Amino acid sequence: MPSTDAPRSSPDLSTTPGADHAYYDHLRRKLRARLLVAYLAPLALLLLYFNHHYTGTTRKGVELHVQSLALSKGNTISLFLQERISNVKRAFHLGDLANIPGQGAMDSTLADLQRDSQTFIDVGLFNPAGVLVAYAGPHVSLIGKDYGNEEWFRSVKASSNGQVVSDIFLGFRNKPHFIIAVRQQHPGGAWTLRVSVDPERFLRFVRGGLVDGDLEVLVVDRKGVPLSEQGAASERESPLNLPPRGAEARVVELARGNAEYLAAVTWLNEAQWALVVRTPARVALAPVRRARLSVLGLALLAVAGILVIVLRSTRRIVARLEDEHNAKESLQGQLFNAAKLASVGEMSAGVAHEINNPLAIIYEEAALLEDYLNPELSQGMDLEAFKESLAAIKGAAIRGRDITRKLMAFSRQHDPEPELLDLNTAAERVLDLKARALATANVEVVWRLEQGLPRVLINANQLDQVLLNLINNAVDAISGKPGAVTISTGADDRYATITVADTGCGMSSEQMERIFFPFYTTKGVGKG
């Protein structure tokens, strides 16, 4: 078996200041503090998580709502522009353009276009050089104007699909409009049919159909500047930070003066425009604020409930501990004494044999003295032999008395008060009780006692019980084979030690990890 050390003194539950009311007041305060930390710390983390998750989910829902409106409105505007481009392409059936269409043909084309959509203002035909050669609409003075250097004309010439939708601008007519231009290849070069669109009607269409009055719809150019009926930004806003073209609709936060907005931005495929659906942040994020207030309210209710529970439960628990402490001390003393009596029962056979030896000596010597005094035996009185017999009787009686004293001292109930004790004397006292049992089991006792040890403050009865248990375990570990139990004592600067070692089977590492578990044993049933 591995060696087992006993420290200079061992803690005793019965000597703790449990009966002291001040101790329990301190225990109550400490228990409350720890319970509050144990309950409130996870609650705080949980509330932080739910606040982050719940408010994040709520905000995400608001953003998805604005984003879905932007996507829906963007699809509607894209469909509108696609239909207008299709209208212009369908109107571009002017033959081979060997002869420039007359005014009647142009007026008929405009009438057809306006039946498709009232947003069309006029229509014009441009030769490959960019000169307006045929026109129908309110600005007939534009005929003959050279648009070759205009941005929209250069754009349609460079376009891969032969079509373009311009920004809103004033142009030669000095009135806000935007154009849809389609370019087709004909003999003699590429001709362009251009129609002008009324920006007021277009933007009215863009802003229509919104149920939520707090929402605002803007169409911005590729620089992020909002388009307006006046042909320029009607609101002096900073250009928006637009996502790259081709990216999905993105939700951003915008600022205009002291006002903040939550906005969704999506690009249109038919023009160099982006659609912006925005709403005041205070309105859009109101559900988020309500969610935070709800979480805060629940947190306050939970904290109040925890405070009430902790205060009441700690008061009851500590009061019960204080009331039951004396009963627990009494029960511990009874259990300890019962364990000692059980050990006395185990030693009874060996002690009986030890007592029987001096009794046999007393009997034999008394019988011998009786023979000396019997006149029938005619034995002479030998005074020296008589004295020797009396001495033998006296010695045997003293030996029996010492054995019974040791047994009574071991089994006597003691208050668990520590006392100054010599470890060597304590070890010898316990081994005297087990000497017969060790000899019967063919177990040799090897003493390695260090002399001059300092006396230690310890409970003698508890130390006796520990040593007796260790010696019994050592004998069991040797398992009936010849062996040895080594008792060693020693001391260093801090501790005095008693070591019990044996030549038995020892213990595995798994058993070593469990030796201090309550009621753990490797013995069979009924063997302790």
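Everything numeric here is computed off the predicted structure, so don't read it as measured data. (Residues numbered from 1 in each chain as written. Predicted model: local features only at pLDDT ≥ 70, side-chain atom pairs only at ≥ 80, totals over all residues. Heavy atoms only, no water.)

### Remarks on the environment of asparagine 127
Line of reasoning, step 1. Of note, asparagine 127 is situated in the loop between β2 (120–126) and β3 (132–136).
Line of reasoning, step 2. Overall, asparagine 127 belongs to the buried group, its relative accessible area being 17%.
Line of reasoning, step 3. Spatially, the C-alpha atom of asparagine 127 lies 7.9 Å from that of glycine 189, the residues being 62 residues apart in sequence.
Line of reasoning, step 4. If we skip the residues at most four places from it in the chain, asparagine 127 touches Val133, Phe153, Ala190 and Trp191. (Helix = DSSP H or I, 4+ residues; strand = E, 2+ residues; numbered from the N terminus. Buried < 20%, exposed > 50% of the residue type's maximum accessible area, 1.4 Å probe, protein only. Contact = heavy atoms within 4.5 Å.)

### Considerations on the sheet that holds strand β5 (residues 178–186)
Line of reasoning, step 1. Pairing is antiparallel across the open sheet formed by five strands, whose spatial order is β3-β2-β6-β5-β4. Taken across any chain shown, the strands that pair with only one partner, and hence form the sheet edges, are β3 and β4 (163–165). Averaged over all pairs of adjacent strands, the angle between their axes in this sheet comes to 15 degrees, without regard to strand direction.
Line of reasoning, step 2. Relative to β3, β2 runs antiparallel, the two being bridged by four bridges. Bridge pairing in β3 links leucine 125 to alanine 134.
Line of reasoning, step 3. Contacts from helix α2 (residues 103–116) reach β2, β3 and β6 (189–197), with the element oriented near 140 degrees to β2.
Line of reasoning, step 4. Packed on one face of the sheet, helix α3 (residues 151–158) meets β2, β4, β5 and β6 and runs near 40 degrees to β5. (Pairing = 2+ DSSP bridges. Axes fitted to C-alpha atoms, helices over the stretch in contact; angles between N-to-C directions.)

### Focus: the confidence of the model for the protein
The predicted coordinates of low-pLDDT regions are not to be read in fine detail.
Line of reasoning, step 1. For the protein, per-residue confidence averages 78 on the pLDDT scale, and residues scoring 70 or more make up 79% of the total.
Line of reasoning, step 2. Low pLDDT, under 50, characterises residues 1–19; the stretch is placed with 48 contacts to residues that sit more than four places away or in other chains.
Line of reasoning, step 3. Taken together, the stretch residues 232–236 has pLDDT below 50 and engages in nine contacts with residues farther than four places along the chain or on a different chain. (pLDDT = per-residue confidence, 0-100.)

### Comments concerning the pattern of salt bridges
Line of reasoning, step 1. As enumerated under the stated definition, the model contains 12 salt bridges in all.
Line of reasoning, step 2. Taking the shortest distance from any N to any O, the salt bridge between aspartate 112 and arginine 115 comes out at 1.9 Å. Linking aspartate 112 with arginine 115, this pair stays in helix α2, spanning three residues, or about one helical turn.
Line of reasoning, step 3. Its salt-bridge partner being glutamate 200, residue arginine 204 comes within 3.3 Å of it at the nearest N-O pair. Taken together, the residues arginine 204 and glutamate 200, both in helix α4 (residues 199–207) and four residues apart, mark about one turn of the helix.
Line of reasoning, step 4. Residue arginine 204 is classed as partly exposed on the basis of its relative accessible area of 49%.
Line of reasoning, step 5. In this structure glutamate 200 comes out as partly exposed when scored by relative accessible area, which is 44%.
Line of reasoning, step 6. Shared partners join several salt bridges into a network, and the residues in it are Arg59, Glu63 and Glu253. (Salt bridge = Lys/Arg side-chain N within 4 Å of Asp/Glu carboxyl O.)

### Some words on the packing of helix α1 (residues 21–91) against α4
Line of reasoning, step 1. Between α1 and α4, whose axes approach to 10 Å, the crossing angle comes to 145 degrees. As α1 runs across α4, the sense of the crossing is right-handed. In this structure, α1 contributes Lys73, Thr76, Ile77, Phe80 and Leu81 to the contact, and α4 contributes Phe202, Phe205, Val206 and Arg207. (Left-handed = near helix turned anticlockwise from the far one by under 90°.)

### Some remarks on a nonpolar patch on the surface
Line of reasoning, step 1. Judged by side-chain polarity, Leu46, Tyr49 and Phe50 come together as a nonpolar surface patch covering roughly 310 Å² of accessible area.
Line of reasoning, step 2. Here phenylalanine 50 lies in helix α1.
Line of reasoning, step 3. Phenylalanine 50 gets classed as partly exposed once you look at its relative accessible area, which sits at 40%. (Patch = residues over 30% accessible without salt bridge, like charges linked within 9 Å, V, L, I, M, F, W, Y side chains within 5 Å. Areas by Shrake-Rupley, 256 points an atom, 1.4 Å probe, with all protein chains shown as cover.)

### Remarks on the packing of aromatic side chains
Line of reasoning, step 1. One pass over the full model with this rule turns up 12 aromatic pairs.
Line of reasoning, step 2. Note on tryptophan 152 and phenylalanine 153: the rings are 5.7 Å apart at their centroids and 85 degrees apart in plane angle, and the pair reads as edge-to-face.
Line of reasoning, step 3. Given a relative accessible area of 5%, tryptophan 152 falls into the buried group.
Line of reasoning, step 4. The class for phenylalanine 153 is buried, based on a relative accessible area of 0%.
Line of reasoning, step 5. Members of the aromatic cluster, each reached through a chain of ring pairs, are Phe80, Phe178, Phe202, Phe205 and Trp273.
Line of reasoning, step 6. For arginine 194, the ring lying beneath its charged end belongs to tyrosine 147, and the centroid distance is 5.3 Å.
Line of reasoning, step 7. The ring of tyrosine 261 is capped by arginine 278, whose NZ or CZ atom sits 4.5 Å from the centre of that ring. (Phe/Tyr/Trp six-rings, centres within 6.5 Å; stacked < 30°, edge-to-face > 60°. Lys NZ or Arg CZ within 6 Å of the ring centre and 35° of its normal.)

### Observations concerning unusual backbone geometry
In terms of backbone geometry, most residues other than glycine have negative phi values and most peptide bonds are trans.
Line of reasoning, step 1. Look at asparagine 174: it is not a glycine, yet its phi comes out positive at around 60 degrees.
Line of reasoning, step 2. For asparagine 174, the location among the structural elements is in the loop between β4 and β5.

### Topic: the packing of α1 against α2
Line of reasoning, step 1. Running from amino to carboxyl end, α1 crosses α2 at an angle of 155 degrees, the nearest separation of the two axes being 10 Å. Between α1 and α2, the crossing angle belongs to the class labelled roughly antiparallel. In this structure, α1 meets α2 at a crossing whose hand is right-handed. Taken together, the residues of α2 that come into contact with α1 (itself represented by Arg84, Asn87, Val88, Arg90 and Ala91) are Thr109, Leu113 and Asp116. (Parallel < 35°, antiparallel > 145°, perpendicular 65-115°, else oblique.)

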